[in-house]
Amino acid sequence: TWHLKKIPQIVRERTFSLDSPKFEAKTKLELNSVCGIECQRKLPVPSLSDLKNLLSYETVFENGTRTLTEVNVLGAVLDPAANTTTWRPLRKKRQIYGTDSRFSIYDKRFMTNFPFNTAVKISTGCSGILISPKHVLTAAHCLHNGKDYVKGSKRLRVGLMKTKSRGNGRKRKGTSDGMPSFQWTRVKSTHIPKGWFKGVSGDIALDYDYAVLELKRPHKRKYMELGISPTIKMMPGSMIHFSGFDNDRSGQLVYRFCSISDESNDLFYQYCDAEPGSTGSGIYLRLKEPNKKKWKRKIIAVYSGHQWVDINGEQQDYNVAVRITPLKYAQICFWIHGNDENCTQG
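Just so it is clear, the structure is predicted and the values come from calculations on it, not from any experiment.

A. Local environment of the pattern of salt bridges. In the structure shown here, the tally under the stated rule is 9 salt bridges. The partner of Glu70 in a salt bridge is Arg14, and the shortest N-O contact between them spans 2.9 Å. Here Arg14 lies in strand β1 (residues 9-18) and Glu70 lies in strand β4 (residues 66-74), a separation of 56 residues in the sequence. We classify Glu70 as partly exposed; its relative accessible area is 24%. With its nearest N and O atoms 3.9 Å apart, the salt bridge here joins Glu62 to Arg186. Within this pair, whereas Glu62 is found in the loop between β3 (57-61) and β4, its partner Arg186 is found in strand β10 (residues 179-193), the two being separated by 124 residues in sequence. Judged by relative accessible area, Glu62 falls into the partly exposed class, the value being 27%.

Right, dumping it as structure tokens:
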């Protein structure tokens, strides 16, 4: 069951103009030496001033101008046991773990309907998910490498799926109902948390690898609501789901599901089969609505991609996702609505 939680408030304090970015960084598909499970365990609980700094954010507009918005955080509960994790045996493999368990979605009855139609393609080569009539959630490193914005993010576009018929409109025997093509929409502005620029020991912080894009024109499709990430124990079979546009299956929407192997307060560690291109996909669960028989899907994490992390002094590989915590829910909700009035419960 989805459990309602009271959400901390993110309140805008001041906004400053910054120099325009250079937009010269290369997109990195793999991030090395990030703070892994063992490192996360040793991290101190962030203070209120730390949270205010980490959750302040940069906004880049379509014309290349940039601002920094400082925020205050009200009602945050600082959990001293937040970073504890369990340790489980590890497999030392790459993005495809054993038998490839991904599903390519060909049938347009699925492709153009919820939840698959919420998946979008980002022009820098990543995936994302629709979270409002005008907003898309994706990974921060699809836009910024920790030091500068990536090439191509100045004229950022989002591709919404549509299907194109093959041939003259008559379906040939043995062919699919259609392959996805994209209706491209320009991005009006992007929001990235300052925590992405300020990592552990000067490194980028995987905990804040998320960003929200505001589209220039609203779409009329069904989008997926945000949810607060439950712990592994509260998930049916510990299973998660996500769809994206993996590079090795060009022109195909790829769906997968798997169980989570481990967690920290901010990250899920799992072995969902995925390839570059699916980074930034919205990870979702299907749980019951409180006091109802109805089931509902909500986004509870952002797929960050394949990462090498430090565990017991060794580099191990996982596919990693950034959990939507109450604080991140408050921030993303604030970016969508422009105020905190619509973000009191999650």
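B. Region of the structure containing helix α4 (residues 326-337). Taking 1.5 Å of rise per residue, the 12 residues of α4 would be expected to cover 16 Å, and the 16 Å separating its terminal C-alpha atoms lies within 8% of that figure. Burial analysis of α4 places 10 of its 12 residues in the buried class, the great majority of the element. Immediately beyond the C-terminal end of α4, within one or two residues, lies Gly338, with a positive phi of roughly 80°.

C. Just the pairing of β4, in detail. Counting buried positions along β4 yields 7 of 9 residues, so the element is predominantly enclosed. Of the pairings in the sheet, the one linking β1 to β4 comprises 9 bridges and is antiparallel in character. Its bridge partner lying in β4, Phe16 is registered against Leu68. Judged from the 4 bridges that link them, β3 and β4 form a sheet pairing that is antiparallel. Counted as the bridge partner of Tyr57 is Thr69 from β4. Hairpin connection from β3 to β4: 4 residues lie between these consecutive antiparallel strands, with Gly64 at a positive phi of about 95°.

D. Focus on unusual backbone geometry. Phi is positive for Phe23, which is not a glycine, with a value near 55°. Tracing the sequence through the fold places Phe23 in the loop between β1 and β2 (31-34). Assessed through its relative accessible area of 10%, Phe23 is described here as buried.

E. Here's a closer look at the state of the cysteines. Counted by the stated rule, this structure contains 1 disulfide. The disulfide partner of Cys126 is Cys142, and the S-S distance across this bridge is 2.2 Å. Handedness of the Cys126-Cys142 disulfide follows from its S-S torsion of about -95°: it is left-handed. Of this pair, Cys126 sits in the loop between β6 (119-122) and β7 (127-130) while Cys142 is found in the loop between β8 (135-138) and β9 (157-164), placing the two residues 16 residues apart along the sequence. Each member of the pair, Cys126 together with Cys142, is buried.

The rules we used
Numbering of residues starts from 1 in every chain and runs along the sequence as written. Totals for whole chains, interfaces and linings use all residues, but because this is a predicted model, local features are given only for residues with pLDDT of at least 70 and pairs of side-chain atoms are given and counted only at 80 or more. To obtain the side-chain values, all non-hydrogen atoms of the structure were used and water was disregarded. By salt bridge we mean one thing: a side-chain nitrogen of Lys or Arg within 4 Å of a carboxyl oxygen of Asp or Glu. Strands here are runs of E lasting at least two residues and helices are runs of H or I lasting at least four, both read from the DSSP assignment and numbered beginning at the N terminus. Residue exposure (1.4 Å probe, protein chains only): buried if accessible area is under 20% of the type maximum, exposed if over 50%, otherwise partly exposed. What a helix is expected to span follows from its residue count: subtract one and scale by 1.5 Å. Two strands are said to pair when DSSP picks up at least two bridges between them. A pair of sulfur atoms, both from cysteines and within 2.5 Å, is called a disulfide here.

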